[in-house]
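Close look at the chain arrangement
One-letter residues, chain by chain:
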Amino acid sequence: MKLPRFSSLYGRIFATFWLTLLLIVVVLLLLPHLDPRSQHTIPEPQLKRYQDSALSISDRIAFGREPLQEKLRHFTEHKRHKGFQLYFTTTDGEIITPQKRNKALRNFITMADNPEDPKQKLYGRWMMAGPFTVEHQQQTLLMYIGRIWREPPPFFIQIMDKPFQLLLLTMLVSTPLLLWLAWAISIPARRLQQAAERVATGEFEANPKLESGPREFKQAGASFNQMVQAINQMVSGQQRLLSDISHELRSPLTRLRMATALASRKQGESKELERIDTEAERLEKMISELLELSRMQVNSHQERENADASTLWYEMLEDARFEAEQSQKKLTYTPLEEWPLSGNPNLLISALENVVRNAIKYGNDIIEVTFATTDQELTILIDDNGEGVPDEELDDIFRPFYRVSTARDRSSGGTGLGLAITESAIRQHNGSIKASRSPLGGLRVSISLPLAR
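Residues numbered from 1 in each chain as written. Predicted model: local features only at pLDDT ≥ 70, side-chain atom pairs only at ≥ 80, totals over all residues. Heavy atoms only, no water.

**Some remarks on the overall build of the protein**
A tally of helices and strands in the protein yields 11 helices and 13 strands. For the protein, with 453 residues in total, the buried portion stands at 38%. Taking the contacts inside the protein whose residues are at least 6 apart along the sequence as the reference set, 62% of them involve residues at least 24 apart. On the protein, roughly 27400 Å² of surface is accessible, and the fraction owed to carbon and sulfur atoms is 54%. (Helix = DSSP H or I, 4+ residues; strand = E, 2+ residues; numbered from the N terminus. Buried < 20%, exposed > 50% of the residue type's maximum accessible area, 1.4 Å probe, protein only. Contact = heavy atoms within 4.5 Å. Areas by Shrake-Rupley, 256 points an atom, 1.4 Å probe, with all protein chains shown as cover.)

**Concerning the sheet that holds strand β13 (residues 443-450)**
With respect to topology, 5 strands assemble into an open sheet ordered β8-β10-β11-β13-β12, the strand pairing being mixed. Bordering the open sheet on either side are β8 (330-333) and β12 (432-437), each of which pairs with just one other strand. Averaged over neighbouring strand pairs, the angle between their axes works out to 15° when direction is ignored. Where strand β11 (residues 377-384) lies against β13, 7 bridges are found, and the strand directions are antiparallel. Within β13, the residue paired with I380 across the bridge is I447. (Pairing = 2+ DSSP bridges. Axes fitted to C-alpha atoms, helices over the stretch in contact; angles between N-to-C directions.)

**Structural notes on the pairing of strand β10 (residues 366-373)**
In this structure, β8 lies alongside β10, joined through 4 bridges in parallel fashion. Among the inter-strand pairings, Y333 is bridged to a residue of β10, identified as V369. Following β10, the chain reverses through 3 residues before pairing antiparallel with β11.

**Thoughts on a nonpolar patch on the surface**
Residues L19, L22, L23, V26 and V173 make up a contiguous nonpolar surface patch of roughly 370 Å² in combined accessible area. Within the element layout of this structure, L22 appears in helix α1 (residues 9-34). (Patch = residues over 30% accessible without salt bridge, like charges linked within 9 Å, V, L, I, M, F, W, Y side chains within 5 Å. Salt bridge = Lys/Arg side-chain N within 4 Å of Asp/Glu carboxyl O.)

**Regarding the sheet that holds strand β1 (residues 40-41)**
With antiparallel pairing, 6 strands are arranged side by side in an open sheet as β1-β4-β5-β6-β2-β3. Each having just a single partner strand, β1 and β3 (95-97) make up the two edges of the open sheet. Pairing analysis gives 2 bridges linking β1 to strand β4 (residues 119-123), with the strands arranged antiparallel. Bridge pairing in β4 places T41 opposite K119. Strands β2 (84-90), β4, β5 (126-136) and β6 (139-148) of the sheet are contacted by helix α2 (residues 44-60), whose axis makes an angle of about 40° with β5. Those strands touched by helix α4 (residues 103-111) are β2, β3, β4, β5 and β6, and its axis lies near 145° from that of β4.

**A few points about the packing of aromatic side chains**
Evaluated as defined, the whole model comprises 4 aromatic pairs. Judged by centre distance (5.6 Å) and plane angle (65°), the ring pair of Y50 and F132 falls under edge-to-face. One end of the pair, Y50, is in helix α2; the other, F132, is in strand β5, and 82 residues separate them in sequence. Side by side, Y50 and F132 carry an identical accessibility label, which is buried. Taken together, the ring pairs in this structure connect W313, W339 and F371 into an aromatic cluster. (Phe/Tyr/Trp six-rings, centres within 6.5 Å; stacked < 30°, edge-to-face > 60°.)

**Examining the packing of helix α10 (residues 345-362) against helix α11 (residues 418-428)**
Orientation of α10 relative to α11, taken along the N-to-C sense of each, is 145°, at an axis distance of 9 Å. Viewed along their axes, α10 and α11 form a crossing whose handedness is left-handed. Contacts between α10 and α11 involve L347, S350, A351, N354, V355 and N358 on the former and, on the latter, G418, L419, I421, T422, A425 and I426. Taken together, the residues that form the contact of α10 with α11 break down as 7 nonpolar, 5 polar and no charged. (Left-handed = near helix turned anticlockwise from the far one by under 90°. Nonpolar A, V, L, I, M, F, W, Y, C, P; charged D, E, K, R; others polar.)

**Remarks on the nonpolar core**
Buried together is how nonpolar side chains tend to be arranged in soluble globular proteins. Formed by 41 residues in total, the largest nonpolar core has its most connected members in W313, L352, V356, F371, I380, I382 and I447. Taken together, the elements giving at least two residues each to this core come down to α9 (309-326), β8, α10, β10, β11, α11, β12 and β13. When near neighbours in sequence (up to four residues on either side) are disregarded, F371 contacts W313, L317, Y333, T334, L336, W339, L352, L378, T379 and I380. Of all hydrophobic cores here, the second largest spans 16 residues; its members include I42, L47, F132 and V134. (Core = buried A, V, L, I, M, F, W, Y, C linked by side-chain atoms within 4.5 Å.)

**Quick notes on the environment of V369**
Its location among the elements puts V369 in strand β10. By relative accessible area, which is 1% here, V369 ends up buried. In this structure the C-alpha to C-alpha distance between V369 and V356, which are 13 residues apart in sequence, comes to 8.0 Å. Once residues within four sequence positions are removed from consideration, V369 is found in contact with T332, Y333, T334, V356, I380, L381 and I382.

Right, dumping it as structure tokens:
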């Protein structure tokens, strides 16, 4: 089994976990040494004062005929007024004075009984220190000193005594490491997400930044870039194929129409030759639109740029209004503003133009184009007062070559590709399009496009 490397994602997770655990263990091991409630050595200046006091008491109790207990009681009462309490015991731990019950002293005696190594320990607000040797007529006594601990408890002691605060402290200590780990994971993941979103919008461009970060993300980024390059190669190959198909299909159609024209000159006009020429022209138009649809589906990622709605559609709408007037129809549209859009300008213009001209073609005399926006989306409504489309066929009109049943007998010359081209263009720009019945009585086409950020 290979050891985890720090350059790999699971290696970083492994290292962060153990480093966090190590810091917590080290802190927990160091706390007892800093906790005054644990047994510690006495600071040197304080130890010197205690030893001098013990020596002074030894000198003073050496004189006088009073019993030893009376002499020692005098010192205990005197020191008590100064905030101290002296305790005297035999070397066996038997308390001489004071005789009152003292749990802290009894506990401390069991832990500190070596005069050569005095200790101190905190019991609540009472600090015990000792033992110190006191000599009396060749008898060795032990002296312990108690004093009130006036200093506030250290911050970490307060934390240790409260589990909830200890948990918060642990989280605080581990937060920098976890934030670094989250950053190490989220940055390359966000790059990969953004690259995938660009591909979804048709931008097939390799990004070298994807091949940085932890080893797993480097590998994923390299594979992603290879996929993008493969798609680009496929698109280029399909584009070349479409170009060849366009040439090969249009050439025989052109020769067919020329032959029809020559036959008309030699034999004169006839319904049969006119029919052949009409169908050849219709077939040529259909091939042209079909190639445009295919080219749009594979080539929409090229020539993408930022633009605004006014620049894109103002001239097209003005031309459409003029054409509608020539057909004794009225086209109106709400004012255009500089709403930001990103994509292929030609495709966006063509998409709306196909729907508007379709409305002019099939509307009776009124065509309305309405623009509305939200924070993230532009909505376009195209309404006409024509015959409309049967409800059961509304979802089918965007299919290639689909002709509405009520319009099949019209001599419209349409190929059924205009709305399919529009639907493809809108979808390539992460938008949506749908058809419904218009309040004007005809067809309503609703287009939604995301605004550029």
